[in-house]
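Notes for the structure review
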Amino acid sequence: MSLFPKVRFLLSVAGADQFPPDEGREVAFAGRSNAGKSSAINTVLGRHALARTSRTPGRTKLLNFFELEPGRRIIDLPGYGYAQASPAEKRQWTALIDSLPERQCLCGLFLIVDIRRGIADTDQQLIEWAAAAGWQVHVLLTKADKLNQRDRAAALKEASKTLGAEVTAQVFSAPDGIGVQEAQKALIRLFSS
Ligand code: GDP
């Protein structure tokens, strides 16, 4: 049985005024456009088509809330770093992101990074922002199926060195199911942090 059998889509919001009540615990999922965030959400939560996956980078513009069980939610943040995003889209992203640290219930960040790209400056900025807000950060190095064992291990070592001791990281693959249980455990740990 799924670890989160009652998971459901809650709502999409375009601004902080539409957020659900600031109660319970929340973990945000973020990543560069096309990193594999939607696939990771679907796989970790065990529901095939919960978050939309798309071959068009930057398609998800709004914040989507999912409820795992009463009082435990995840927030699917819009993908960032898409070169063709308009200035208006970038402003909307920044405004939404800036409003998040005010949420008392937000306690963790799951950062989705394409293992072949490694930790980029934009990822680092997001991690620093999350750390300043007091959130635990866990990094999924996804699309691990694209690398052989040796390159995977090397990428994890390199990322861990860049991330430092406060941030946890693991390899992950949505289609191959690599690291799914580890990611589920990390998510539960973040909810209790
Ligand atoms: P998002 O934009 O970050 O939400 O990324 P998506 O989940 O929509 O994935 C972007 C593309 O990468 C899609 O074509 C997915 O099928 C593919 N993808 C996502 N995760 C993986 C993975 O773990 N391995 C492989 N090989 N492809 C993946």
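Now for a description of the structure that goes with this document. (Residues numbered from 1 in each chain as written. Predicted model: local features only at pLDDT ≥ 70, side-chain atom pairs only at ≥ 80, totals over all residues. Heavy atoms only, no water.)

Now for the pairing of strand β6 (residues 136–142). Across the 7 residues of β6, 6 count as buried, placing the element largely inside the fold. Bridging between strand β5 (residues 106–114) and β6 involves 7 bridges; their strand directions are parallel. In the sheet register, Leu 109 faces β6, and the bridge partner there is Val 137. Following the backbone out of β5, through helix α3 (residues 121–132) and into the adjacent parallel β6, one traces a crossover that is right-handed. The pairing of β6 with strand β7 (residues 168–171) spans 4 bridges and is parallel. Looking across to β7, one finds that Leu 140 is bridged to Gln 170. Handedness of the crossover joining β6 and β7 through helix α4 (residues 149–163): right-handed. (Buried < 20%, exposed > 50% of the residue type's maximum accessible area, 1.4 Å probe, protein only. Helix = DSSP H or I, 4+ residues; strand = E, 2+ residues; numbered from the N terminus. Pairing = 2+ DSSP bridges. Right-handed = clockwise from strand over helix to strand, strands pointing away.)

Now for the packing of helix α1 (residues 37–45) against helix α5 (residues 180–191). At a closest axis distance of 9 Å, the pairing of α1 and α5 adopts a crossing angle of 85°. Looking at the two axes, α1 sits roughly perpendicular to α5. Residue-level contacts link Thr 43, Val 44 and Leu 45 of α1 to Val 180, Ala 183, Gln 184 and Leu 187 of α5. By residue class, the composition of the contact of α1 with α5 is 5 nonpolar, 2 polar and no charged. (Axes fitted to C-alpha atoms, helices over the stretch in contact; angles between N-to-C directions. Parallel < 35°, antiparallel > 145°, perpendicular 65-115°, else oblique. Contact = heavy atoms within 4.5 Å. Nonpolar A, V, L, I, M, F, W, Y, C, P; charged D, E, K, R; others polar.)

Let us look at the site of the ligand. Surrounding the ligand, one finds 17 residues, the nearest of these being Lys 37, Ser 38, Ser 39, Asp 145 and Ala 174. Lys 37 is positioned with one of its backbone polar atoms (N or O) 2.7 Å from an oxygen atom of the ligand. Between an oxygen atom of the ligand and a side-chain N or O atom of Thr 142, the distance comes to 3.4 Å. Contact with the protein chains hides 83% of the accessible area of the ligand, taken as 580 Å² for the molecule alone. Ranked by the residues each element gives to the shell around the ligand, the list is headed by α1, at 3 residues. The class makeup of the residues in the shell around the ligand is 3 nonpolar, 8 polar and 6 charged. (Near = heavy atom within 4 Å. Polar contact = N/O pair within 3.5 Å; in protein donor to acceptor, adjacent residues only side chain to side chain. Areas by Shrake-Rupley, 256 points an atom, 1.4 Å probe, with all protein chains shown as cover.)

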